[in-house]
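# Summary of structural features
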Amino acid sequence: MSLSNETLAARIDARFGQKLTRVDSTCGELTYQLDKDDLIEVARALRDEPDFHFEMLIDVCGVDYLTYGSDEWTTQSAAGSGYSRGVEREPVILDEADTFDPERFAVVYHLLSLRNNARLRLRIFTGDANPPIVKSVVDIWNSANWFEREAFDLFGILFEGHPDLRRILTDYGFIGHPFRKDFPLIGNVEVTYDPDKGRVVYQPVTIEPRTLVPKVIRDDGQYSAALGDEAGDA
Amino acid sequence: MPEIQTFTMNFGPQHPAAHGVLRLVLEMDGEVIHSADPHVGLLHRATEKLAESKPYNQSIGYMDRLDYISMICNEHGYVLVIEKLLGITPPIRAQYIRVLFDEITRILNHLFWLGAHGLDIGAMTIFLYCFREREDLMDIYEAVSGTRMHATYYRPGGVYRDLPEAMPKYQASKWRSKKSVAKLNAIREGSLLDFIDAFTVKFPACVDQYENLLTDNRIWKQRTVNIGVVPPERALQLGFTGPMLRGSGVEWDLRKKQPYEVYDQLDFDIPVGTNGDCYDRYLVRVEEMRQSNKIVKQCVDWLRENPGPVMLEDRKIVAPTRVEMKDDMESLIHHFKLFTEGYCVPAGEAYAAIEHPKGEFGVYMISDGANKPYRVKIRAAGFAHLGAMSEMVTGHMLADVVAVIGTQDIVFGEIDR
């Protein structure tokens, strides 16, 4: 039996009411946003109640919304100069701050129900605490173990109640959280062989950051026909 | 009370049975494993972050390098999610070509897995047999994309080009006589589809050969039966997908349950195991090769009879051909814009999953309306499987760790990303 998104959405709205807010999707997927304090209760209900029965957690994903919607090159009017390849971007180091924008870090959960053949996406924002912290769902879905370690490693999001929150993908002794948007693509350190010391050492990176293709956002509505979207015609 | 003394043993990262750069820290009591702590990330290349700094199409090649044993399937997950965000569907012929190559890749992956898994636990011959057939499949890759491994063949909106009418041929050289070259080329005289067709005819007998070597082999069974047993409820908890889940007896295959491309029009079966041990997973994968062969055959028959476009004509997403570009001003502009800036994808988020040879390969993409993805998250099947390594090997002997690594079919390109 395959459960349609609308049936599932109706069940979720009836069961959880205001706790879960539906997020609009352009491609027919079901996404809900919820408060991080409600996560454990909602997750347990979604797993155990026969209406939902999401027995599998497919993925946990950290997201950093720091530069969401900002472009690197203006496209609204003709520019007097070309785009310089050696763009100098000021590093935005917010790690020292006491608080973050409450909508900066998000954790996204992808759930799968085999019995109902349905998928569901949950999103929580971590709030303004530095370091960002949310509750772990390892007890509910054991597969969260490594996915949460990854989100911690790459984004520095802490998971309260996780049995073994260590770094997983980066090097032993790595400093920083590389998938944050304020972490440079080229990194902060590089390794090189030091003939005097006779071993491999770390040093600050010597290469220049370059952006070969600037990020541009064009909302000229050229895809609106494909999406069946009226707004783009205006 | 007896004195219990455990010791710690390091396995890898340079170990021929570790399938790449896996470092396992094993807590052992004699030869019995108490716990295993896999250290991964030695191959971490930040593929996702790199993808966030490039226009969409420039990252397709990176996807090949994730799971470098089933290259084209990774591309498939990536282009599917872009297509979902753009709201486009490729032409039907492109969908058949994609299914054809996904299934060829599944055979390619399972052959590699079978050879390496056999070699790890003491069956040398099987490796040579498997690589014999892999060679033909690599030639198919080469004929269609120019490379034997990292094809970069799929594009949002279709596939890069139609199937070629001729196969690349061997040339005579000082190491290869004219006669032996003629023998090698005999099967390569027709089109690519003829070559694939010939492969599907001979392949079932090859699978019989592998099975002759292993299925009733006493040593093989001693090494795999009742090793690494995962009950179905644990498999679900641990996020297992693909043959790892089906080996435990859960009938779940995205090709059947959430069909993408043209899988709902093809006839094939989903093999499932019963005990959830290494032997059952072996049987499942071997049967999957036979089923994939069946799908390949159906796709070949369809593709022979139904010529047509393999790419969308939408010039805002798909670049024009070289010929058009050389004599049409508008095509030249489109070409220039697509290759300097790329296309902008409407803001939104999407998750697309495919039944990868190793399990569910999903790509979650967030777009903020720019010409580059805002966030790409690759959900690799092997990552969840390896996360359950400790649970699967606890209580087994050291030699069984190798059998469990083999049965998980792990490749570090996708786990470390």
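Below you will find a few notes about this structure. Just so you know, these numbers come straight off a predicted model, no measurement behind them.

Before going further, it helps to spend a moment on a nonpolar patch on the surface. Residues and elements named next belong to chain A. Taken together, Val189, Val191, Tyr193, Val200 and Tyr202 make up a surface patch of nonpolar side chains, about 520 Å² in accessible area. For the nonpolar patch, the secondary structure elements donating two or more residues are β8 (189–194) and β9 (199–204). The element contributing the most residues to the nonpolar patch is β8, with three residues. Position of Val191 among the secondary structure elements: in strand β8.

What follows deals with the packing of aromatic side chains. If you walk through the whole model with that rule in mind, you get 21 aromatic pairs over all chains. Each ring, one from Tyr68 of chain A and one from Tyr374 of chain B, has its centre 5.2 Å from the other, and the planes form 80°; the classification is edge-to-face. Of this pair, Tyr68 of chain A sits in the loop between β3 (56–64) and β4 (105–113) while Tyr374 of chain B sits in the loop between β7 (359–367) and β8 (375–379), each in a different chain. Among the residues examined, Tyr374 of chain B registers a relative accessible area of 1% and is labelled buried. Taking 6.1 Å as the distance between ring centres and 35° as the angle between the ring planes, the aromatic pair formed by Phe174 of chain A and Phe183 of chain A counts as tilted.

With that settled, consider the side chain of Arg98 of chain B. Residues and elements named next belong to chain B. Within the secondary structure, Arg98 sits in helix α4 (residues 92–120). Residue class for Arg98 comes out buried when judged on its relative accessible area of 0%. Within polar-contact distance, the side chain of Arg98 engages the backbone oxygen of Gly158 at 2.9 Å. The contacts of Arg98, once residues within four sequence positions are left out, are His76, Val79, Leu80, Glu83, Pro90, Tyr154, Arg155, Gly157, Gly158, Val159 and Glu261.

Here we take up the pattern of salt bridges. Evaluation of the coordinates by the stated rule reveals 50 salt bridges over all chains. Of the charged contacts in the structure, one is a salt bridge between Lys358 of chain B and Asp67 of chain B, with a shortest N-O distance of 2.9 Å. Taken together, the positions of Lys358 of chain B in the loop between β6 (348–356) and β7 and Asp67 of chain B in the loop between α2 (60–64) and α3 (71–86) put the pair 291 residues apart, joining distant regions of the chain. You'll find Lys358 of chain B and Asp67 of chain B in the same group, each marked buried. Among the salt bridges present, the one from Glu313 of chain B reaches Arg315 of chain B, with a minimum N-O distance of 3.5 Å. Exposure remark for Arg315 of chain B: the relative accessible area of 17% places this residue in the buried category. Among the charged side chains, a salt-bridge network with shared partners connects Asp59, Glu150 and Lys181 of chain A together with Glu48, Glu52, Arg375, Lys377 and Arg417 of chain B.

What counts as what
Residues numbered from 1 in each chain as written. Chains lettered and ligands numbered in written order. Predicted model: local features only at pLDDT ≥ 70, side-chain atom pairs only at ≥ 80, totals over all residues. Heavy atoms only, no water. Patch = residues over 30% accessible without salt bridge, like charges linked within 9 Å, V, L, I, M, F, W, Y side chains within 5 Å. Areas by Shrake-Rupley, 256 points an atom, 1.4 Å probe, with all protein chains shown as cover. Salt bridge = Lys/Arg side-chain N within 4 Å of Asp/Glu carboxyl O. Helix = DSSP H or I, 4+ residues; strand = E, 2+ residues; numbered from the N terminus. Phe/Tyr/Trp six-rings, centres within 6.5 Å; stacked < 30°, edge-to-face > 60°. Buried < 20%, exposed > 50% of the residue type's maximum accessible area, 1.4 Å probe, protein only. Polar contact = N/O pair within 3.5 Å; in protein donor to acceptor, adjacent residues only side chain to side chain. Contact = heavy atoms within 4.5 Å.

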